[in-house]
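Read off the chains here:
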Amino acid sequence: MAENRIRTVRARSTRTVRAATATAVAAATLALALPAHAAPFTPTPGADGVGDPLFPTLGNGGYDVRHYDLSFDFTPVTYDFTGTMKIRARATQDLSSFNLDVDSLAIDAIKVNGKKATWSIGPGQSGQELTVTPAGGLRDRRAFDVELTYHGNGRTKPTGQPGWRYMSDGGFASAAQASRADTFAPVNDHPSDKATWSFHLTAPDGWTPAANGNLTGTREAAGSAGSAGSAGTGGSTEPRKTWDFALKSPMAPELLGISVDKQTYLHGRGPHGVKLRHLVPEDQQAKYEPIAEETGGQLAWLEKTLGVRYPFDTYGVQIVRDGYSDALENQTLSLFGPSWFDRPTYSTTMVHELTHQWFGDSVTPATWQDAWLNEGPAVYYAAVWADQKGFQPIEEKMKTAYAELDAVRKTDGPPGKPTGLGGFNIYDGAAVSLYALDQQIGQEKFEAVMKAWLTGHRHGNASTQDFIDNAVEVTGDDSVGTFLHHWLYDLDNPPMPGHPDWGVAK
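Residues numbered from 1 in each chain as written. Predicted model: local features only at pLDDT ≥ 70, side-chain atom pairs only at ≥ 80, totals over all residues. Heavy atoms only, no water.

(A) Geometry of the overall build of the protein. Each helix and strand in the protein was counted, giving 10 helices and 24 strands. In the protein, which comprises 506 residues, the proportion classed as buried is 53%. Taking the contacts inside the protein whose residues are at least 6 apart along the sequence as the reference set, 71% of them involve residues at least 24 apart. When the accessible surface of the protein is summed, it comes to about 21,600 Å², and 52% of that surface belongs to carbon and sulfur atoms. (Helix = DSSP H or I, 4+ residues; strand = E, 2+ residues; numbered from the N terminus. Buried < 20%, exposed > 50% of the residue type's maximum accessible area, 1.4 Å probe, protein only. Contact = heavy atoms within 4.5 Å. Areas by Shrake-Rupley, 256 points an atom, 1.4 Å probe, with all protein chains shown as cover.)

Now the structure itself:
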């Protein structure tokens, strides 16, 4: 009996221990499955601007865009269009709502994570604010998807500056800098939020679309004559084709370069296999093809001068027939009005815009007050090119600009703290500041500073202070920081190193 009792007790004891162990394991497993201190979900609206020093309401807070996928169906001559923008983003706070930038777009529907969202449109500083309220809110640090369908007409007068450029044949090209991408699609329109892009541009047969990045294919559009699906823009059933493009390197919305026109592609190869594709009016190929072919040599020259390879896998120039008179560094596809090519020094402008692919497109300013980081290098290296080509000695150009800059500092702000965009201070004035740095530290160190800037911030954003810190680190000289601070922020011209005779304009 005693032996049987001991066995019974042991059996019961074993079962008790096993049960207790199982309970402990289950509790431990549950504890691991739940966060130790679950953060409360407290959604609030995202900011309606990023607080840019020059344009406080540009861009939006509370999220970071990772990818834009734009479908844009355009009808030439009438300028009617429909669009679908799909956005992949990541929340940077718990969001009850978030904003996108738009201007004169008629929103038809919005979904967030596949569910219908509500929205409202109100005034903004340079366009309009689209406030989207998703069902249930969005959690911090989690990815979310937005799909917006909309329509409009490119001839509609926007509330801000126009982004559309109209061709006399009924086509268009985008010139979106600094904040006009929102006239084509809903975006987070600030240079600090860069993302990859894909484009699907639809137009009638006989019209040629173009976009940033590489053309990946063409296909018959849904609703086109002979195909299944809904009708195209305006209910048209004429033959239409969709052209697909992919841009794998991140781009700020202001560099958007889309177009539909009677234009022709020209193809070539640049240094180390860089794909070159250019667009010219289809009836002016003989005039512009020799000009476009100069691009490969300009690429090679800049790579050698900068000591840094071209930052993208494709490049080209787009020369429009009319409707645009400026030049613009749309990422991988610079845009030019035709009048530039009536000048014997047109290649200087081509080099200016090509330089922007490194300075501005790959390394993008953190705020618009840092815009001198775009324009200064573009003017400077174009001046080096012009000097080497015999167009104008660089010393002559810099001396003239130095004399003018002193007064501009007082009216429009110094290069590093402009009161607006597009002024002499952030163009020639910034180039003079770089020339001064070259004179102060010597060409070898200057080249090292610029190379480190491009490689250290490739495909990212950077500020004026980042540039100053980079120069100090590369030279190992703290006084370089003080030197640059005076040149970029003082209201009076500092003395030009090596040129004590240079003075201000009388």
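(B) How the structure looks around the pairing of strand β9 (residues 143-153). Only one face of β9 is buried, namely the one carrying F144, V146, L148, Y150 and G152, since none of A143, D145, E147, T149, H151 and N153 on the opposite face is buried. Bridge analysis of strand β3 (residues 80-91) against β9 gives 11 bridges, and the strand direction is antiparallel. Opposite F81, over in β9, you have G152 as the bridge partner. Across six bridges, the pairing between strand β5 (residues 106-112) and β9 is antiparallel. The partner of I107 across the bridge, within β9, is Y150. (Pairing = 2+ DSSP bridges.)

(C) Region of interest: the pairing of strand β4 (residues 95-102). When you tally the buried positions in β4, you get seven out of eight residues, the bulk of the element. Summarising the sheet, strand β1 (residues 44-45) and β4 pair through two bridges and their orientation is parallel. Bridged to T44 within β4 is L95. Note: β4 against strand β8 (residues 128-133), five bridges, orientation antiparallel. Residue pairing in the sheet places V102 in a bridge with Q128 of β8.

(D) Structural view of the packing of aromatic side chains. Summed over all chains, the structure comprises 35 aromatic pairs. A ring pair is formed by F74 and Y79, whose centres lie 5.5 Å apart and whose planes are at 70°; its orientation type is edge-to-face. Cluster of aromatic residues (ring-pair linked, three or more members): F72, F74, Y79, F81, Y150, W164, Y166, F172 and F184. Sitting over the face of the ring of Y79, R155 holds its NZ or CZ atom 4.8 Å from the ring centroid. (Phe/Tyr/Trp six-rings, centres within 6.5 Å; stacked < 30°, edge-to-face > 60°. Lys NZ or Arg CZ within 6 Å of the ring centre and 35° of its normal.)

(E) Region of interest: unusual backbone geometry. In the segment running from Q177 into A178, the intervening peptide bond is cis, with an omega of 10°. Tracing the chain through its elements places A178 in the loop between β11 (172-174) and β12 (195-204). Positive phi, normally seen in glycine, also occurs at H272, with a value near 40°. Along the chain, H272 turns up in the loop between β17 (263-269) and β18 (275-281).

(F) Expanded view of the environment of T131. On the secondary structure map, T131 appears in strand β8. Accessibility expressed as a relative area gives 22% for T131, which makes it partly exposed. Between the C-alpha atoms of T131 and N99, which are 32 residues apart in sequence, the distance is 4.4 Å. For T131, the residues in contact, after removing those within four places along its chain, are S97, F98, N99, T118, W119 and S120. For T131, the side chain forms a polar contact with the side chain of N99, separated by 3.0 Å. (Polar contact = N/O pair within 3.5 Å; in protein donor to acceptor, adjacent residues only side chain to side chain.)

(G) Fine view of the nonpolar core. Ranked by size, the top nonpolar core spans 70 residues in total, and within it F341, W358, Y380, M398 and F467 carry the most contacts. Apart from the residues lying within four places of it in its own chain, the contact partners of M398 are Y380, A383, A431, V432, Y435 and W502. (Core = buried A, V, L, I, M, F, W, Y, C linked by side-chain atoms within 4.5 Å.)

(H) The arrangement of the packing of helix α5 (residues 372-389) against helix α6 (residues 394-412) in detail. At a closest axis distance of 8 Å, the pairing of α5 and α6 adopts a crossing angle of 140°. What the angle tells us is that α5 and α6 run oblique. Within the contact between the two elements, α5 uses V379, Y380, A383, V384 and D387 and α6 uses I394, K397 and M398. Taken together, the residues of the contact of α5 with α6 sort by class into six nonpolar, no polar and two charged. (Axes fitted to C-alpha atoms, helices over the stretch in contact; angles between N-to-C directions. Parallel < 35°, antiparallel > 145°, perpendicular 65-115°, else oblique. Nonpolar A, V, L, I, M, F, W, Y, C, P; charged D, E, K, R; others polar.)

(I) Helix α4 (residues 346-356), seen in detail. Counting buried positions along α4 yields 11 of 11 residues, so the element is predominantly enclosed. Within α4, burial applies to Y346, S347, T348, T349, M350, V351, H352, E353, L354, T355 and H356.

(J) Structural detail: the sheet that holds β12. An order of β6-β5-β9-β3-β2-β12-β15-β14 is seen for the eight strands of this open sheet, with the pairing classed as mixed. Among the strands making up the open sheet, the edge pair consists of β6 (115-116) and β14 (214-220). Both β12 and strand β15 (residues 240-251) contribute to a ladder of nine bridges, which runs antiparallel. Bridge assignment links S198 to a residue of β15, and that residue is A246.

(K) Structural detail: the confidence of the model for the protein. Counting all residues, the mean pLDDT for the protein is 91, and 89% of those residues have values of 70 or more. When the criterion is pLDDT under 50, residues 1-36 qualifies, and its contacts beyond four places in sequence or with other chains add up to zero contacts. (pLDDT = per-residue confidence, 0-100.)

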